Amino acid sequence: MIEKTIFVLESVYREPLEVKAFCFGDMSRKTICIMGAMRGNEIQQMYVCARLVQELKKLEINGQIVKNTGIMVIPCANYHSMNIGKRFWAMDNTDINRMFPGYNLGETTQRIADGIFTEIQGFEYGIQLASFYQSGRFLTHIKQMVTEFTDDDGLVDFGLPYALKRTPKPYDTTTLNYNWQLWNTKAYSLFTHSTDDMKEDSADNAVNAILRFMKNRGIINYSIHPGYVTSVINESDMLQVHSPCGGICKIKTKIGDTVERGQVVAEILNPLTCEVLAEIKAPEKSTVFFHFESPLIVEGTVIFKLIKNDIIRGD
Amino acid sequence: MIKTVSQAGLAVNEKLKIQKNSIKNGNSQKRVCIVTGTHGDELEGQYICYALGKYLEKNTDKLNGTVDIYPALNPLGIDSIMRGIPGYDLDMNRTFPGTESGTMPEMIAHEILEDIEGADICIDIHASNIFLREIPQIRMSVPTSETLLPYAKMLNVDFVWVHASATVLESTLAHSLNSAGTKTLVVEMGVGMRITKEYCLQLMDGILNLLVNLEMLTDVEIPKIREPIVSLDGAVGFINSPAAGIFVPEISFGSTVEKGDIIGKIVNPLTGSTAENAVAPCSGLLFTLREYPVVYGGSLIARILRQEDNNND
Ligand SMILES: [Zn+2]
């Protein structure tokens, strides 16, 4: 393993931000790059990468990294925000993952994005540990933005139950994932259950999914359970259930559960009297892919994302 | 008349309401929308909405048509000094056109857009941010400039910046409205979290002049309107901080600088030393200047409108 500092940013009163990369195998080859936290609350994303560093160290020592392949892991690009409990860039609240491909003569976060992108462009595969902006729980899944450059073969090689395909919106065009693809990297975003907290089982799933992908793509020699037969789903085919009002949100189901049409899956309560304001019912027989998780909810919030059982393919 | 454009229930006993003041007189179907407060930390538009509302209520008889004033597209952001929408970490100006059945920000964006659509002109007033001070200017993309430029010239601003279009900007209110055929001009002026009365009154004269030109306002005295400098991207020189430190300006805002002039120093108060000087890359008008002193490498310090390229329209 080689530890490398790929980008340094000076600060007036803090120690410089040093973005660290951990490299394995033949570093003249850019085979796969795994990107962890770019936002200050992506603790789970950093942790998954850190766990991966341990696994790859062992594999390297045991000679299980395939010849002529190079692996780079960047657990955390933005610990300046993490150390002060902020999600976005400490000073100006900009989001590094909205600054790609970056600009070396631009604003601070454009420079960070540029510094990182210069190092991580040109890899054959790129995996980003991503997070969702709202608090909630997801089934661990892999997501790919559909562009003219997309190659979706790899989606099933993670062995996760679900893979999503997303049609990019204008604001997606400045993300790492999109720009990786523009520069010919096969890019995937891996979403784990949670963001701000660390969940061991979900981290296990994520680490295994990445190792499984590396194995299936001939990057490591490794024996691992083959995982699930992946259902590939268009994000737009998922059922989204919105909260019809604001209040206290009580979720009555778990991610991964199959719910029947008409089943009460959540209740919204009046926060001052606990009177039931709304019962949220599943519109179809489906699998709970995402549920909101926070005691209070605002009208219109996506409270569930459900996968209709009849659109599941591949099983 | 005060109308609610969009509303959504917050968690505890409160509704978020987007409101407008709709001032109407005569039989003309013409309508102008004045919109501000998308970014909760930009307050320059607040004074303009107040002053315009007050003026039109007093002079309603001189109005023929409708002026809709939307002072706060992001009321929660204004209330909490947040640029984005509190609770969503979202820049509201990246949520347009929104969707009818989306999340709260998307639904609100959709309803705001529907309400404004069809107006003859919409003016979206921004105020830079807390970091930078700007002279009153209008920004537009190259593809919209042919349609928008004649109106921009009516608005009494100092400068019109015609910039290249970028995909990411397709989620802005202005882009969504312009795409839907509602001519929308984006004004940037002053600085975040403050009101620069002088600029507000300058733009206010411009808005009244626009209403006169649209034949929506008659019988009013308009002071002489400035001819703005119109400029393309290539004519704008950027100065980003060459080092981390505290920026101290050496030159006054809005002045004309020579290439090589020191715009300011990046100093280190701990060591009592100057880390770097911020130097003008070209001669011209200093139309953007950093207001917030703490900088990292890359923080924008100033923008200069190159002299030799002026008036290239
Ligand atoms: Zn703004």
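Residues numbered from 1 in each chain as written. Chains lettered and ligands numbered in written order. Predicted model: local features only at pLDDT ≥ 70, side-chain atom pairs only at ≥ 80, totals over all residues. Heavy atoms only, no water.

### Comments concerning the overall build of chain A
Quick reminder of the rule: A run of H or I in DSSP becomes a helix once it reaches four residues, and a run of E becomes a strand once it reaches two; helices and strands are each numbered from the N terminus. Just to be clear, the radius of gyration here is over C-alpha atoms, and the globule rule we use is 2.2 Å times residues to the power 0.38. Summary of the burial criterion: residues with accessible area below 20% of their type's maximum are buried, those above 50% are exposed, and those between are partly exposed, where the area comes from a 1.4 Å probe applied to protein chains only. Only heavy atoms enter the contact rule, under which two residues are in contact if any of them lie within 4.5 Å. Under the convention used here, a 1.4 Å probe and the Shrake-Rupley method define accessible areas, while residue burial counts only the protein chains that appear. Counted as positive: Lys and Arg. Counted as negative: Asp and Glu. His and the chain ends are not counted at all. For the purpose of locating charges, the reference atoms are NZ of Lys, CZ of Arg, CG of Asp and CD of Glu.
Scanning chain A for helices and strands turns up 5 helices and 18 strands. Taking 20 Å as the expected radius of gyration for a compact globule of 315 residues, we find that chain A reaches 20 Å, a close match to that expectation. In terms of its C-alpha atoms, chain A occupies a principal-axis envelope of roughly 60 × 50 × 35 Å. Counting the 315 residues in chain A, one finds 55% classified as buried. Taking the intrachain contacts of chain A between residues at least 6 apart in sequence as the baseline, contacts between residues at least 24 apart amount to 70%. Total accessible area on chain A is roughly 12900 Å²; 48% of this is exposed by carbon and sulfur atoms. Counting 33 positive and 37 negative side-chain charges, chain A places the averaged centre of each group 2 Å from the other.

### Side note on the overall build of chain B
Helix and strand content of chain B: 6 helices and 17 strands. Relative to the compact-globule value of 20 Å for 313 residues, chain B shows a C-alpha radius of gyration of 20 Å, a close match. Seen through its C-alpha atoms, chain B measures out along the principal axes to roughly 65 × 50 × 35 Å. Of all 313 residues assigned to chain B, the portion counted as buried reaches 58%.

### Quick look at the coordination of the zinc ion
Residue and element names in this part refer to chain B. For clarity, the cut-off: Donor atoms: N, O and S within 2.8 Å of the metal, or within 3.2 Å for Na, K and Ca. Because water is excluded, sites can look incomplete.
Of the protein atoms, only H39 (ND1), E42 (OE), E42 (OE) and H126 (ND1) coordinate the zinc ion, at distances of 2.0 to 2.3 Å. All donors of the zinc ion belong to a single chain; written as a sequence motif, their spacing is H-x2-E-x83-H. The pair H39 / E42 is uniform in exposure class, with both members buried.

### Observations concerning the packing of aromatic side chains
The following threshold applies: Ring pairs shown here join Phe, Tyr and Trp side chains whose ring centres sit within 6.5 Å, with only the six-membered ring taken for Trp; geometry is labelled stacked below 30 degrees between planes, edge-to-face above 60, and tilted in between.
Enumeration according to the criterion identifies 19 aromatic pairs over all chains in this entry. Ring centres 5.8 Å apart and planes at 85° place the aromatic pair W161(B) and F287(B) in the edge-to-face group. Residue W161(B) is found in strand β7 (residues 159–163), and its partner F287(B) is found in strand β15 (residues 284–290); the two are separated by 126 residues along the sequence. Classification of W161(B) as buried rests on a relative accessible area of 6%. Residue F287(B) is classed as buried on the basis of its relative accessible area of 0%. Each residue in the set F132(A), F138(A), Y162(A), F191(A), F289(A) and F290(A) is aromatic and connected to the rest through ring pairs, giving one cluster.

### Re the domain arrangement of chain A
All names here are of chain A. Stated precisely, the cut-off is as follows: As annotated, the domain borders come from an automatic or database domain assignment. Any Lys or Arg side-chain nitrogen located within 4 Å of an Asp or Glu carboxyl oxygen qualifies as a salt bridge. Nitrogen and oxygen atoms within 3.5 Å of one another constitute a polar contact, given that in protein one can donate a hydrogen and the other can accept it, and given that sequence-neighbouring residues count only through two side-chain atoms.
Partitioning chain A into structural domains gives domain 1 (2–233) and domain 2 (238–311). For domain 1 versus domain 2, the separation of C-alpha centres amounts to 30 Å. Counting from both sides, the interface comprises 12 residues of domain 1 and, opposite them, 16 residues of domain 2. Here domain 1 and domain 2 share 1 salt bridge between them. Summed over the shared surface of domain 1 and domain 2, the result is 4 residue pairs in polar contact (both at pLDDT 80 or more). Secondary-structure elements contributing two or more residues to the side of domain 1 that touches domain 2 are β6 (136–138) and β8 (162–166).

### Some words on the domain arrangement of chain B
Residue and element names in this part refer to chain B. This is how the line gets drawn: The buried area of a pairing is the accessible area, by a 1.4 Å probe, that goes missing from both parts when the two are put together, added over both. Residue classes follow a fixed rule: Ala, Val, Leu, Ile, Met, Phe, Trp, Tyr, Cys and Pro count as nonpolar, while Asp, Glu, Lys and Arg count as charged, and any other residue, Gly among them, counts as polar.
Partitioning chain B into domains gives domain 1 (2–227) and domain 2 (234–309). Facing the 12 residues of domain 1 at the interface are 13 residues of domain 2. In total, about 1100 Å² of surface goes out of reach between domain 1 and domain 2, with carbon and sulfur atoms giving 70% of it. Taken together, the links from domain 1 to domain 2 amount to 2 salt bridges. Residue R303 is joined to E134 by a salt bridge in which the shortest nitrogen-to-oxygen separation is 2.6 Å. Sorting the residues of the side of domain 1 that touches domain 2 by element identifies β6 (132–141) and β7 as the ones contributing at least two each. A total of 6 residues in the side of domain 1 that touches domain 2 trace back to one element, the largest contributor, which is β6. Residue composition of the side of domain 1 that touches domain 2, by class: 8 nonpolar, 1 polar and 3 charged.

### Focus on the pattern of salt bridges
Residues and elements named next belong to chain A. If you walk through the whole model with that rule in mind, you get 25 salt bridges over all chains. Here E293 makes a salt bridge to R137, at a shortest N to O gap of 3.2 Å. Of the two residues, E293 is situated in the loop between β16 (286–292) and β17 (296–297) and R137 in strand β6; the sequence distance between them amounts to 156 residues. Of the residues examined, E293 reaches a relative accessible area of 38% and is grouped as partly exposed. Looking at R137, the relative accessible area reads 14%, which means it is buried.

### Some remarks on the interface of chain A and chain B
Listed as interface residues are 35 residues of chain A and, on the opposing side, 35 residues of chain B. Among the residues chain A hides against chain B, the three largest losses belong to V12(A), M91(A) and Y133(A). Together they make up 22% of the total. Across the contact surface, chain A and chain B share 0 salt bridges. The set of elements that each furnish at least two residues to the side of chain A that touches chain B consists of α3 (108–120) and β17 of chain A.

### Some remarks on a nonpolar patch on the surface
The cut-off we apply is this: Nonpolar side chains (Val, Leu, Ile, Met, Phe, Trp, Tyr) within 5 Å and like charges within 9 Å form the patches, drawn only from residues with over 30% relative accessible area and no salt bridge.
A cluster of nonpolar side chains, L272(A), L296(A) and V12(B), forms an exposed patch at the surface whose accessible area comes to about 270 Å². Positionally, L272(A) belongs in the loop between β14 (264–269) and β15 (276–281).

### A short note on the pairing of strand β12 (residues 247–251) of chain A
Residue and element names in this part refer to chain A. For clarity, the cut-off: Pairs of strands are assigned from DSSP output, requiring at least two bridges between the strands.
Here β12 runs beside β17; their pairing, made up of 2 bridges, is antiparallel. From the neighbouring strand, I248 faces β17, where its bridge partner is L296. Here 4 bridges tie β12 to β14, and the two strands are oriented antiparallel to one another. Looking at β14, one finds that I248 is bridged to L269.

### Comments concerning the packing of helix α1 (residues 43–61) of chain A against helix α5 (residues 200–216) of chain A
Residues and elements named next belong to chain A. Selection rule: Think of each axis as a best-fit line through the C-alpha atoms, taken over the contacting stretch in the case of a helix, with angles from 0 to 180 degrees between the N-to-C directions. Any angle between 65 and 115 degrees counts as roughly perpendicular, while under 35 counts as roughly parallel, over 145 as roughly antiparallel, and the rest as oblique. Here is the rule for handedness: rotate from the far helix to the near one, and if that takes an anticlockwise turn smaller than a right angle the crossing is left-handed, while a clockwise turn gives right-handed.
Running from amino to carboxyl end, α1 crosses α5 at an angle of 50°, the nearest separation of the two axes being 9 Å. Put simply, α1 runs oblique to α5. Classified by chirality, the crossing of α5 by α1 is right-handed. On the side of α1, the interface is formed by Q44, Y47, V48, R51, L52, E55, L56 and L59, while α5 contributes E200, S202, A203, D204, A206, V207, I210, L211 and M214.

### Some points on the side chain of T60(B)
Its location among the elements puts T60(B) in the loop between α1 (44–58) and β4 (65–70). Separated by 3.0 Å, the side chain of T60(B) and the backbone oxygen of E57(B) make a polar contact.

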